[in-house]
Structure formats: structure tokens, C-alpha cells
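Single-letter residue listing:
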Protein chains: 2
Amino acid sequence: MGERIEADYLIETAFDPRAAAEVMAGEQSSGTFVKVPGETAELKARSAATVDKLTVLKTVGEPGLPGARRPDGAQIQRAHVTLSWPLANLGPSLPNLMATVAGNLFELGQFSGLRLLDIRLPQAFAERYAGPQFGVAGTRELTGVSEGPVIGTIIKPSVGLDAGQTAELVKTLVEAGIDFIKDDELQADGPACPFEDRVGAVMAVINAHAEKTGKKVMYAFNLTGEMDEMRRRHDLVRESGGTCIMASLNSVGLTAFIELARISELPIHAHRNGWGALSRHPLLGWSYVAWQKVWRLAGADHMHVNGLDNKFCEPNESVIASARACLTPMFESAPCLSMPVFSSGQSALQPPETFRQLGSADLIYAAGGGIMGHPDGPAAGIEALRESWHAAMAGIGLSEHAARHPSLAAALKAYG
Amino acid sequence: MGERIEADYLIETAFDPRAAAEVMAGEQSSGTFVKVPGETAELKARSAATVDKLTVLKTVGEPGLPGARRPDGAQIQRAHVTLSWPLANLGPSLPNLMATVAGNLFELGQFSGLRLLDIRLPQAFAERYAGPQFGVAGTRELTGVSEGPVIGTIIKPSVGLDAGQTAELVKTLVEAGIDFIKDDELQADGPACPFEDRVGAVMAVINAHAEKTGKKVMYAFNLTGEMDEMRRRHDLVRESGGTCIMASLNSVGLTAFIELARISELPIHAHRNGWGALSRHPLLGWSYVAWQKVWRLAGADHMHVNGLDNKFCEPNESVIASARACLTPMFESAPCLSMPVFSSGQSALQPPETFRQLGSADLIYAAGGGIMGHPDGPAAGIEALRESWHAAMAGIGLSEHAARHPSLAAALKAYG
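Residues numbered from 1 in each chain as written. Chains lettered and ligands numbered in written order. Predicted model: local features only at pLDDT ≥ 70, side-chain atom pairs only at ≥ 80, totals over all residues. Heavy atoms only, no water.

Can you help me understand the overall build of chain A in this one?
Of regular secondary structure, chain A possesses 18 helices and 13 strands. Here the C-alpha atoms of chain A give a radius of gyration of 24 Å, agreeing with the 22 Å that 2.2 N^0.38 yields for 416 residues. Dimensions of chain A, computed from the C-alpha atoms along their principal axes, are close to 75 × 45 × 40 Å. When burial is assessed residue by residue, chain A has 64% of its 416 residues classed as buried. (Helix = DSSP H or I, 4+ residues; strand = E, 2+ residues; numbered from the N terminus. Rg over C-alpha atoms; globule rule 2.2 N^0.38 Å. Buried < 20%, exposed > 50% of the residue type's maximum accessible area, 1.4 Å probe, protein only.)

Here you go:
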């Protein structure tokens, strides 16, 4: 147990950055605001978090977050800091890791900015948690997509369709050649579209199509709910011939997700809705690079990363950093790779730049309007996405490739 | 199912606030970025979220959060907005409520600020979830504190003491007259202080003290962990004669917490560490008024609210608003009151103002240095806190009361 847990932070403080970092380390281990009798040198040597690295970045004029203390006339500085903790403080427990690296520190009075950038975990975590059971290879096997991205879409309207209407839409999509379909995160088991009815209606379509064509489309059924509901729903999907379940991470939470991953015999499509609250301010909360490690280790097979030129606020470099993180091994013995899921405003336009920046097509590429809005219909929409990826991976210019593929040409015209 | 779920938000946008609010409502229900074929008028009438109220507050010069879209020259406005959803979209499911009221909206490109301020739930939620099993009345009964606050403290150093050392400190505290003790959130089941050992050693002290004096001190054992661990640890605490368990909400997550509350036969002390990431920016994330409702309904008996003049960044009015929220009934048939837990830098100084502003002593008042740092020792520290609260509740001036109570006089001198 000589190993240590490491975490990197971006901090902003009007105090000496090293002294402020020492406060963080103290608060998150054996220290407190005032020195207490039991805090002996021996105890600190055994249990204290340490400031392992500190790099001052720059001075800023105004505090990023309100409420921090600021000594009269003190300048405000930003810094990168790395803290580490003895593994023996908590053991290799993912839920308890949260309180240690991301607990009561975001509110510390010394900081007008505090964001968790990355974490590195001792091997004991890899031994305790299985990571994704399916990941990239398992998803390719189940979808039959051996190279290039898995082309996916989301049921829209998000809510409002009943089970039969959902299945009708699924019929259109599977006949159009889709590889992957997911429920919207707003659709789980509402009385207007009960989970059991949806699984029954949708799997009838998918199974019939698989029997006819040999292609089993992967449908991620959103089973988000209480523990017994998730167990029951997982079993129903598996028994119905389904090949994927979906859970909203911020709804379910870490402990239940770990439990779900342990019982699951299907890939878990992990939805990050609510993520914006944890990440949108650049000086607060979590970077996705840190956050996705927790969920991958817990067992997330697919992780959402947004998409280039998306309709949200996230810049492209952040999207690519997130996707690259999902495809970067966590441990030598246990890479724990999750398949990144690109979505939001995606069409045939973005694949070349996505592939150029990421250098990989081990991903799910989900489009809504980019498929259903194609002027020649969804089959042409799906074909255009595949051809755009084909061009990207083969290093062929999009317009050059479009000259030989009318569906791509029509897509470039419609979405350009 | 004609009932609706309501949520209030603070928004900041460079678009027409009503149009921006309509985007939120659409994104979080049956709409999407582009109109899709299935989005019929009938479907919208059945499933759409609606903008029920909009109040423009003011114009601001600069966006609160980066990344939002801003039409050339557009002014940025803040507004309060209330959205509502048909209960039939999701049913009375707390996990699925999260994606609906706090899902993919914090990142919407229309907003340079978006914060969830409050939620109001239909009666069906009160019928499905039990709320706190013990709350104020149950905690008073178990601690034997029939009026005034339950005086508490936290084991410090937070980590580093082994089970025997923890029990020694507990012995000092119970002999000093404490009502309530909690583990630090950093201490759960690390190899340096295993949960089972700690329960054994601590409960031996607490049970012996109870046999001798008739007073059973409540100890909140931090059982945060995986689902089976939490079940086992709960059973161990109950079988050992313990009267409280503690869980870190942001570590455990909502689904596992609901499950824990269903099986628990003990009050659950709910720790909010990590909360700062969700709340510290005033234009992002959650207000505690909204957040605590979710956890109370799920079964949190004690909810942390920080304290007046705390060592964190939270202003006093926010602390009082949080505590008042915990003591405000959620439903007529099911008030779901949680006992607010005051802590962080608390001493004999703050009770009068706390009582004046809150108007209640139905709370746990936890101090660390405010007890252990008392010049005459912990018994005097605890007595001083009780006398300060006595003065506050009786409307007696602190210094007047201190003239008759040396422990209070010494505390005012030491902490003033």
C-alpha cells in the first residue's frame, strides 16, 4: 500500500499558490482549519496528502468565481497543482475516491477557481474494477461493424412517441441501414411509453430485420431508474435479444452504476446529461479527462463526448480531448477503453476534421437531422455519413468523393 | 396524470429571453434543434414542456459563463423562468427527474447562465418515495435531546487515526457530554481504519457510556461504498447498537441512495461534499433549495447546510436559505423534513444570529475546534455551545448570559 492516488488541478488564488495548495492537501487528508491535538508528525507522515508539483501559470485581474478571500492588494494567480494521497487512506474504492479528489474543496475560501483536470490511480483500482466489458471490440462484434465508425441515431422526438410509434421509427431506421439507435435520455419508463412495451415493440422490429438480413442493429434502451428496476429491465432487454442498455450517469450515480456494470451482460451506453453543471465554468468542477476515467473504470462501454461544431457551448478542442481520453489506456494491464459517442448537430460535414484531429474511427457517430433530414431520405443520410467517413479515413477530399457518391453530394449541399 | 412537474431557473441570454426559454422547454421535452417529422401538434400538446412564467430581471454587460452564442450587438439579459412538464413524460421517478430538470440544458448555446433554483413535484412523488424515516423527531428521540440543537462534532484529524485511536477520541467526547459525532467524509473503510474495526471500537465506548449514564450518543458511521458494502455496513451498525449511518451523496449517487434509504433502519446523515462543483458559480448548476428536495424525498434524515461565518465561500444568506428549505414541508401529506446540519468554523459565537435568522433550533450544530479548542477542554466547549444556544432561544444577550456561565465566557474570549 505504498502507492498513491494523484490528482491535477487548475487553481486560482489570491494567496501564495503553494500555501493555498497546502490548504487543499490538508483539508482533503489529515489537516483541518485549526491544528488539532491528534495531528501528530507520525500521523501526517502516514496519512497526509502532499503537494507534489506546482506550476504558476499567470496573474489575472479579476477573480473567476465570487466569494473567495483576497488579502488587501493581493494579486490573483492561476496555477497547475498536483496533489497525492496514500492509497491506505481510502483503499481502491471509486465512491470514496470522489470525496477525496472532488469533495469539500471547490468551496475553499482560498480559491476563486478550482477545477479537477486529471486523476491517476494505483494498480489496485484496476484489480478491483473490471472496466468496460465490451468497449470498442465488443461493440464492433455485436454490431457487425468491423471498421469505421458505428453509425447511430437517437429517437426523436425525445419523448411523446408511444411504444408502437417508436417501433415504426425504428423500422424506418433499420431498413435505411443504421447500425445503432438510442433512446433519448428523457425517455425511460414514463407511463406514456413504458419500458417493457418499448422493448417488446422495438425488439420485434430489430429481431425480424436481423432474421431477414443477418444484421442485428444495436439499440441502447434507457433503463435509468431504481436498482431493482434496472436489474429487471436489463434482464428483459437481454431476454428479448437486445444488445445494449443505456444509463444516465448523473441520474443513477456511481454506486448504482458500479452495481449495474457488475450484473450487466450487455454493453452499457453511458449518457452524461447534466455534465454541463459540473464542467461549464472553466475554473470550476471537473474536466472530462478526469471524469470519464471514473466511469470507464466502473464499466462504461460507450461515453458521450459531444461533437465538432456542436450546438452546445463546448469548443472543438475540448470535444477531441474528451474522445482521445476515452481511447487512451488507463492501466497497462487494463486499458479500460470506452467507445466515444459523437453527437449533437453532426452531419456528413464533420467526419474529415473529426478523423484528422482524433486519428481514430473507433467511435459511435450519431446524427439526428443529419440522417432524417437528408433530402433523399434516411437511407441516403446514413450512406452519406458512411461515405464521408470513408473519404476521411482514405484521405480523399470530401468534394472529390462526393462527385462519385450522390448521397454525399446531396448531404454536403443540404447541410453545408 | 394531469399533474405537472415545475422547475424555476435563473437564466442569462443574449437572445430574446422568451425564445431562449422556449428552446430549453423544447430540448427538455419533445423538441429538438430541428423540427422532426414525428413532432406533430397532437404530440406536442401531450408531451411538450411549457414556459409558464418569465420575469426579466436586468441587463448585464458581460456574459457570466463563456461559450454562449451572442448575436451581433445583442444585449445580455437575466431572467427568472418557470418550466413545467407533464408527469406522464417520466412518471414519479427521482432518477429520471434529473435528466428532465437538470440534464442537457446547462450547455445550451443560447445561455451564458443557467441555474436550477427550485422544483415542485406532483403528489405522485410523495406516494412513491418515503422521505426521511427519522428526520427531526426521530433524531431527537434517538439522541434524547428533546429541545435545542443536537450538539455534534466531527472526528479530527479526518483520516489517520486507526480504530482504537478513533474510539479513544470518542471516549473523550462522550464523557464531555456530546450528543452526536460523525466520521469525516474522507474516512470510510480505508485499510488504515477499516469500517468494521471502527464500528466495534467506537460502539464499545458508546454502549458502555450509555449503560452507565443512560445517554446513547449518536455516531454517524460513514458507510459510503458499493451497494453490498453499504448493506453489510448498515446491518453491522444496527447490530452493534449504533443509531446512525452516513453517506456522501455525490459519491453514492441517487439510485443507490434511494436503495439505501429503503433498507435502512437507522437515520441517514447525508453529506454533501462535492456540492461546490454544482453550486459555486451563481449562474450555473443547482441552488441548494432545489437540490435538497431530491435527497429529502429519497430519504435523507440530516442534510449539511454549512454554517454562519463559515470558512468556505458561501454567504450567510445562502446558509440560512438552505436550512430553512430543509425545514419547509414538501407536501401537505408528507412534509419530508430533514434536520439541517450546521458546521464549518462554528463556535459559541454564532448561535444567537443563527437562531435569529432561522427561527428554529431543530438542527444539528457541529463544531470541531469550537469544542476541542476550548481553553478549559471539550466538556467546557460543549457546555459553552449549549449555553450559547440557551441564551439565543431565551432571548438573553450572550455577554449577559456569559456573566453567569464561565464556560461561555471563556469561549467568547477564545473564539471572539
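How should I be thinking about unusual backbone geometry in this particular structure?
Residues A:Lys156 and A:Pro157 are joined by a peptide bond in cis, for which omega reads -5°. Here A:Pro157 is to be found in the loop between β5 (150–154) and α6 (163–175). At A:Cys336, a position not held by glycine, the phi torsion is positive, near 55°. In this structure, A:Cys336 sits in the loop between α13 (316–326) and β12 (339–342). Assessed through its relative accessible area of 7%, A:Cys336 is described here as buried. Of note, the phi angle at B:Ser344 is positive, near 90°, even though the residue is not glycine. Here B:Ser344 lies in the loop between β12 (339–342) and α14 (351–358). Taking the relative accessible area as the measure of exposure, B:Ser344 reaches 13% and is therefore buried.

What is the right way to look at the packing of aromatic side chains in this model?
Ring pairs (aromatic) are described by centroid distance and by the angle formed between their planes. Scanning the model with the defined rule gives 20 aromatic pairs over all chains in all. Each ring, one from A:Tyr365 and one from A:Trp389, has its centre 5.3 Å from the other, and the planes form 75°; the classification is edge-to-face. Residue A:Tyr365 is located in strand β13 (residues 364–366), and its partner A:Trp389 is located in helix α16 (residues 378–394); the two are separated by 24 residues in the primary sequence. We note that A:Tyr365, like A:Trp389, is buried. Their ring planes at 85° and their centres at 6.4 Å tell us that B:Phe355 and B:Trp389 sit as a pair that is edge-to-face. Of this pair, B:Phe355 sits in helix α14 while B:Trp389 sits in helix α16 (residues 378–394); the two residues are 34 residues apart in sequence, bridging distant segments of the chain. With a relative accessible area of 22%, B:Phe355 lands in the partly exposed category. (Phe/Tyr/Trp six-rings, centres within 6.5 Å; stacked < 30°, edge-to-face > 60°.)

Hey, could you run me through the nonpolar core in this one?
As a rule of thumb, nonpolar side chains are buried together in soluble globular proteins. By size, the foremost hydrophobic cluster in this structure holds 253 residues, and its most contacted members are A:Tyr9, A:Trp286, B:Tyr9 and B:Trp286. What B:Trp286 contacts, discounting residues up to four positions off in sequence, is B:Met98, B:Ala102, B:Phe106, B:Arg115, B:Leu116, B:Trp275, B:Leu278, B:Ser279, B:Trp291 and B:Val294. (Core = buried A, V, L, I, M, F, W, Y, C linked by side-chain atoms within 4.5 Å. Contact = heavy atoms within 4.5 Å.)

Before we go on, may I ask you to explain the domain arrangement of chain A in this structure?
Interface extent is often summarised as the accessible area lost during association of the parts. Residues and elements named next belong to chain A. The domains assigned to chain A are domain 1 (4–128) and domain 2 (135–415). Centre-to-centre separation of domain 1 and domain 2, based on C-alpha positions: 35 Å. Contacts between the two partners involve 25 residues from domain 1, matched on the other side by 23 residues from domain 2. In total, about 2,000 Å² of surface goes out of reach between domain 1 and domain 2, with carbon and sulfur atoms giving 67% of it. On the domain 1 side of the contact with domain 2, Leu 94, Met 98 and Arg 115 bury the most area, a combined 29% of that side's loss. At the surface where domain 1 touches domain 2, the tally comes to one salt bridge. Among the salt bridges present, the one from Lys 293 reaches Asp 118, with a minimum N-O distance of 2.9 Å. For the pair domain 1 and domain 2, the interface holds 12 residue pairs in polar contact (both at pLDDT 80 or more). Looking at the side of domain 1 that touches domain 2, the elements that each hand over two or more residues are β1 (4–13), α3 (94–102), β4 (111–120) and α4 (123–128). It is β4 that provides the largest number of residues to the side of domain 1 that touches domain 2, a total of nine residues. (Domains from an automatic or database assignment. Buried area = accessible area lost by both parts, 1.4 Å probe. Salt bridge = Lys/Arg side-chain N within 4 Å of Asp/Glu carboxyl O. Polar contact = N/O pair within 3.5 Å; in protein donor to acceptor, adjacent residues only side chain to side chain.)

Quick question: what am I supposed to make of the pairing of β12(B) here?
As a general feature of sheets, a regular strand has side chains that alternate between the two faces. Residue and element names in this part refer to chain B. Of the two faces of β12, the one holding Met 339 and Val 341 and the one holding Pro 340 and Phe 342 are both buried throughout. In terms of strand pairing, strand β11 (residues 302–306) meets β12 through four bridges, oriented parallel. By the bridge assignment, His 302 is partnered in β12 with Met 339. Read from β11 through helix α13 (residues 316–326) to β12, the crossover connection turns out right-handed. Pairing of β12 with strand β13 (residues 364–366) involves two bridges; the strand directions are parallel. Within the sheet, the bridge partner assigned to Phe 342 lies in β13 and is Tyr 365. Between β12 and its parallel partner β13, the chain crosses via α14, and the hand of that crossover is right-handed. (Pairing = 2+ DSSP bridges. Right-handed = clockwise from strand over helix to strand, strands pointing away.)

Is there a simple way to explain the interface of chain B and chain A in this structure?
Of the residues lining the interface, 93 residues belong to chain B; the matching set on chain A comes to 93 residues. Counting the surface lost from both chain B and chain A, the interface buries some 7,100 Å², and carbon and sulfur atoms represent 57% of this. Together, B:Glu107, B:Arg280 and B:Phe312 form the three largest contributors to the area buried by chain B at its contact with chain A, with a combined 11%. The tally of links from chain B across to chain A stands at six salt bridges. Inspection of the chain B/chain A interface yields 34 residue pairs in polar contact (both at pLDDT 80 or more). Elements with a contribution of two residues or more to the side of chain B that touches chain A: α2 (41–47), α3 (94–102), β4 (111–120), α8 (227–239), α9 (249–252), α10 (254–263), α11 (275–279) and β10 (284–286) of chain B. Tallied by class, residues from the side of chain B that touches chain A come to 39 nonpolar, 37 polar and 17 charged. (Nonpolar A, V, L, I, M, F, W, Y, C, P; charged D, E, K, R; others polar.)

It is not clear to me how the sheet that holds strand β9 (residues 268–271) of chain A should be interpreted in this structure. Could you clarify?
Across a sheet, paired strands are connected by hydrogen bonds in the backbone, their directions being either parallel or antiparallel. Residues and elements named next belong to chain A. Around the barrel, eight strands lie side by side as β5-β6-β7-β8-β9-β11-β12-β13; this closed barrel has parallel pairing. Here the strands of the sheet are splayed against their neighbours by 30° on average, with no regard to which way each runs. Contacting β5 and β13, α16 crosses the sheet at an angle of about 140° to β5. (Axes fitted to C-alpha atoms, helices over the stretch in contact; angles between N-to-C directions.)

Would you mind showing me how to read the pattern of salt bridges here?
A side chain of one charge can pair with a side chain of the opposite charge when the charged atoms of the two come close. Under the defined criterion, the tally for this structure stands at 46 salt bridges over all chains. For the salt bridge of A:Asp183 with A:Arg198, the shortest nitrogen-to-oxygen distance reads 2.8 Å. Pair noted here: A:Asp183 is in the loop between β6 (180–182) and α7 (195–213) and A:Arg198 is in helix α7, with a separation of 15 residues, a long-range link. The residues A:Asp183 and A:Arg198 share a single accessibility class, namely buried. Across the pair B:Arg46 and B:Glu42 runs a salt bridge whose closest N-O atoms are separated by 2.5 Å.

Would you explain the pairing of β1(A) in this entry?
Residues and elements named next belong to chain A. Counting buried positions along β1 yields eight of 10 residues, so the element is predominantly enclosed. By the bridge criterion, 10 bridges tie β1 to strand β3 (residues 76–86) in an arrangement that is antiparallel. Opposite Glu 6, over in β3, you have Ser 84 as the bridge partner. Summarising the sheet, β1 and β4 pair through eight bridges and their orientation is antiparallel. In the sheet register, Ala 7 faces β4, and the bridge partner there is Ile 119.

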